[in-house]
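If you want the building blocks of each chain, they are given just below.
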Amino acid sequence: MDEPVLLTGAGGRVGQAILRGIGDDYDWRLLDREPLPAAKVPSGVTDADRYVADITDERAVREAVADVGAVIHLAGDPRKTAPWDSVLRNNIDGTQVVLRAAAEAGVEKFAFASSNHAVGGYETDERTPDLYRPEDEYRLDGSELPRPGNLYGVSKAAGESLGRFYHDEFGMSVVCVRIGNLTKDHPPREYERGQAMWLSHRDCAHLFDRCLRATYGYEVVYGISNNDRRYYSIERAREALGYDPADNSADYTFEGEPKPDRDTETNGGRYAVGADSSDAAGADSTDAGDAAPAEPNFPTDPDAPSDDA
Ligand SMILES: NC(=O)C1=CN([C@@H]2O[C@H](COP(=O)(O)OP(=O)(O)OC[C@H]3O[C@@H](n4cnc5c(N)ncnc54)[C@H](O)[C@@H]3O)[C@@H](O)[C@H]2O)C=CC1
Ligand SMILES: O=C1O[C@H](COP(=O)(O)O)[C@@H](O)[C@H](O)[C@H]1O
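What you are looking at is a predicted structure, and each value in this text was computed from that prediction instead of being measured. Each chain carries its own residue numbering, running from 1 in the direction its sequence is written. In the order they appear in the text, chains get letters beginning with A and ligands get numbers beginning with 1. Thresholds applied to this predicted model are a pLDDT of at least 70 for local features of residues and 80 or more for the giving and counting of side-chain atom pairs; totals over whole chains, interfaces and linings are not thresholded and use all residues. Here the side-chain values reflect all heavy atoms present in the structure, with hydrogen atoms and water set aside.

**Considerations on helix α4 (residues 151–170)**
For clarity, the threshold we go by: The helix and strand labels rest on DSSP assignments: H or I over at least four residues marks a helix, E over at least two residues marks a strand, and numbering proceeds from the N terminus. A helix is expected to span 1.5 Å multiplied by its residue count minus one. A 1.4 Å probe rolled over the protein chains alone gives each residue an accessible area, and that area as a share of the maximum for its type sets the label: buried under 20%, exposed over 50%, partly exposed in between. Contacts were defined at the residue level, with two residues in contact if any of their heavy atoms lie within 4.5 Å.
Taking 1.5 Å of rise per residue, 20 residues should cover 28 Å, and α4 covers 28 Å from first to last C-alpha, within 8% of that figure. Buried residues of α4: Tyr152, Gly153, Ser155, Lys156, Ala157, Gly159, Glu160, Leu162, Gly163, Tyr166 and His167, and no others. Elements that come into contact with the buried residues of α4 comprise α3 (84–104), β5 (109–115), β6 (173–179) and β9 (218–223). Gly171 lies just past α4 and shows a positive phi near 75 degrees.

**A few points about the pattern of salt bridges**
We count it as follows: For this document, the term salt bridge refers to a Lys or Arg side-chain nitrogen within 4 Å of an Asp or Glu carboxyl oxygen.
Applying the stated criterion to the full structure yields 20 salt bridges. Within the structure, one salt-bridge network assembled from shared partners comprises Arg33, Asp54 and Arg89.

**What to know about the pairing of β9**
Keep this limit in mind: Here, strands pair whenever DSSP counts at least two bridges between them.
The element β9 is extensively covered by neighbouring structure, given that 6 of its 6 residues are classed as buried. Judged from the 6 bridges that link them, β6 and β9 form a sheet pairing that is parallel. Bridging from a neighbouring strand, Ile179 pairs with Gly223 of β9.

**Some details on the packing of α3 against α4**
Basically, it comes down to this: Fitting a line to C-alpha atoms yields each axis, with helices limited to the stretch in contact; the angle taken between N-to-C directions then spans 0 to 180 degrees. In this scheme, roughly parallel covers angles under 35 degrees and roughly antiparallel covers those over 145, while 65 to 115 is roughly perpendicular and the rest are oblique. With the far helix as reference, a near helix turned anticlockwise by less than a right angle produces a left-handed crossing, and one turned clockwise produces a right-handed crossing. Residues are grouped as follows: Ala, Val, Leu, Ile, Met, Phe, Trp, Tyr, Cys and Pro are nonpolar; Asp, Glu, Lys and Arg are charged; all remaining types, including Gly, are polar.
As a packed pair, α3 and α4 sit with axes 9 Å apart at the nearest point and diverge in direction by 15 degrees. Between α3 and α4, the crossing angle belongs to the class labelled roughly parallel. Judged by the twist between their axes, the crossing of α3 over α4 is right-handed. Along its contact with α3, which presents Trp84, Val87, Asn91, Ile92, Thr95, Gln96, Leu99, Arg100, Ala103 and Glu104, the element α4 presents Leu151, Tyr152, Val154, Ser155, Lys156, Ala158, Gly159, Leu162, Gly163, Tyr166 and Phe170. Across the contact of α3 with α4, the residue classes tally to 12 nonpolar, 6 polar and 3 charged.

**Side note on a negative patch on the surface**
Stated precisely, the cut-off is as follows: The patches reported here contain residues having more than 30% relative accessible area and no salt bridge. Joining distances are 9 Å for like charges and 5 Å for nonpolar side chains (Val, Leu, Ile, Met, Phe, Trp, Tyr). Throughout, the Shrake-Rupley method with a 1.4 Å probe supplies accessible areas, and for residues the shown protein chains are the sole cover considered. For the purpose of charge, His is not counted, nor are the chain termini; Lys and Arg are scored as positive and Asp and Glu as negative. Where a charge lies is defined by one atom per residue type, namely NZ (Lys), CZ (Arg), CG (Asp) and CD (Glu).
A surface patch of negative charge is lined by Asp2, Glu3, Asp27, Asp67 and Glu108. Mapped onto the elements of the fold, Glu3 is located in the segment before β1 (5–8). On the basis of relative accessibility, which here comes to 37%, the residue Glu3 falls in the partly exposed class.

**Examining unusual backbone geometry**
Residue Pro129 is bonded to the preceding Thr128 through a cis peptide linkage, with omega at 0 degrees. One can find Pro129 in the loop between β5 and α4. Positive phi, close to 70 degrees, is recorded for Asp67, a residue that is not glycine. Inspection of the secondary structure assignment puts Asp67 in the loop between α2 (58–65) and β4 (70–73). The exposed category is assigned to Asp67, whose relative accessible area is 62%. Positioned with a positive phi, Asp185 is a non-glycine residue whose angle comes to about 75 degrees. By the secondary structure assignment, Asp185 is in the loop between β7 (181–182) and α5 (192–196).

**Structural notes on the UniProt feature "domain: NAD-dependent epimerase/dehydratase" (unreviewed entry) in the protein**
Counted only if it meets this: UniProt positions are given in the numbering used here, feature names are shortened, and annotations may be inferred rather than shown by experiment.
In this numbering, the UniProt entry assigns the feature "domain: NAD-dependent epimerase/dehydratase" (unreviewed entry) to residues 5–183. The span residues 5–183 is 33% helix and 18% strand, and its two end C-alpha atoms sit 24 Å from each other.

**A short note on the site of ligand 2**
Cut-off, in case you're wondering: Whether a residue is near a molecule or strand is decided by its heavy atoms; if any one of them lies within 4 Å of it, the residue is near. Polar contacts here mean pairs of N or O atoms no more than 3.5 Å apart (in protein, one a potential hydrogen donor and the other a potential acceptor; neighbouring residues in sequence count only if both atoms are side-chain atoms).
Near ligand 2, the surroundings consist of Arg13, Pro78, Lys80, Ser115, Asn116, His117, Tyr152, Gly180, Asn181, Tyr191 and Arg193. Contacts to ligand 2 include Pro78, whose backbone N or O atom sits 2.6 Å from an oxygen atom. At 2.7 Å, a side-chain N or O of Tyr152 approaches an oxygen atom of ligand 2. Contact with the protein chains covers 87% of the free accessible surface of ligand 2, which is 380 Å². In the shell around ligand 2, the residues fall into 3 nonpolar, 5 polar and 3 charged.

**Focus: the sheet that holds strand β3 (residues 50–52)**
Read across the open sheet, the 7 strands follow the order β3-β2-β1-β4-β5-β6-β9; overall the sheet is parallel. Two strands close off the open sheet at either side, each with one partner strand: β3 and β9. Direction aside, the axes of adjacent strands within the sheet are offset by 15 degrees on average. The strands that helix α1 (residues 13–22) touches are β1, β2 (28–32), β4 and β6; relative to β2, the one it contacts most, it runs at about 165 degrees. Across the sheet, α4 is in contact with β5, β6 and β9; its angle to β5 comes to roughly 160 degrees.

**Here we look at the UniProt feature "binding site: NAD(+)" (unreviewed entry) in the protein**
In the UniProt entry, the feature "binding site: NAD(+)" (unreviewed entry) is given for Asn90, Ser115, Tyr152 and Lys156. Structurally, Tyr152 is set in helix α4. With a relative accessible area of 7%, Tyr152 lands in the buried category. In this view, Tyr152 contacts Asp77, Pro78, Arg79, Lys80, Val87, Asn91, Ser115 and His117; residues no more than four positions away in its chain are not counted. Among the structural elements, Lys156 can be located in helix α4.

And the structure:
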């Protein structure tokens, strides 16, 4: 990709996982409504390429997307307990503003951070907890209808529909990544569901790298690592994007400790998006996981697992 890539929500957990992995590989424009400290910005990014703006600000977003080749759109309210007024504004209206600006600017590729919660309703009482176990063969593959389990999930399903519309109307390539549960260095601890949908930092960076490099029309894929426990298929991500994840929650104990006999060579060298090195983008070396930012933009999600939110 020769043109710059706009990353919205760049200061958040997913944004930082991407920048730590592939921060040196693209010319970035970073947008977040919170100013980004230098430690969160890859070294090549100038002040002019940093936008402190709300995604509902149409003028600011139009300016940020001008002449970019691709957008990775992450900004929004990530809480599964988020109230309607917040998801309506930040997730639905905000996504519509970013998609429209991108389509009208002729952006080629658009990757949207959808969520497992867009399909949370498939986790019925009959299917759980078996669904979260390695021997269970039930799979969602991205071709099923959305089935949100909360209003946050509704907002992500709306974002997927908006993406479909802007693909059909403008021909923009759109991929919706139903992200599982991103945590750094280890899968969510003592949490079967989280371990079934774990997305490691390096797999996250690699997956969004593939969203920028692959050729596609409109896609809905699952963003999880190559976990033995899983109820999301990653076949479509493999086929459409060339996703080739390195990590597997089965390489860790239920408590989240690396198993001594795990295959540390898994996928070694097959792609170069750097392990979970926390200093690639000058990141805070004390970052012990994906806890919410120190000064969260949204009130803390009371249901979030304590160290893996
Ligand atoms: N972390 C995870 O495991 C998952 C995340 N996602 C989605 O990925 C995206 C990023 O999530 P996280 O990085 O975890 O969240 P986060 O809360 O760590 O980061 C979100 C970033 O977006 C910014 N932001 C929020 N609303 C904004 C607005 N209206 N205008 C401009 N900037 C705004 C915030 O300042 C923050 O830096 C979200 O859309 C979330 O729904 C989906 C599934 C799982
Ligand atoms: O969409 C999201 O999902 C993940 C995982 O969900 P959970 O129900 O297992 O917590 C969540 O951690 C993240 O904050 C959210 O944006």
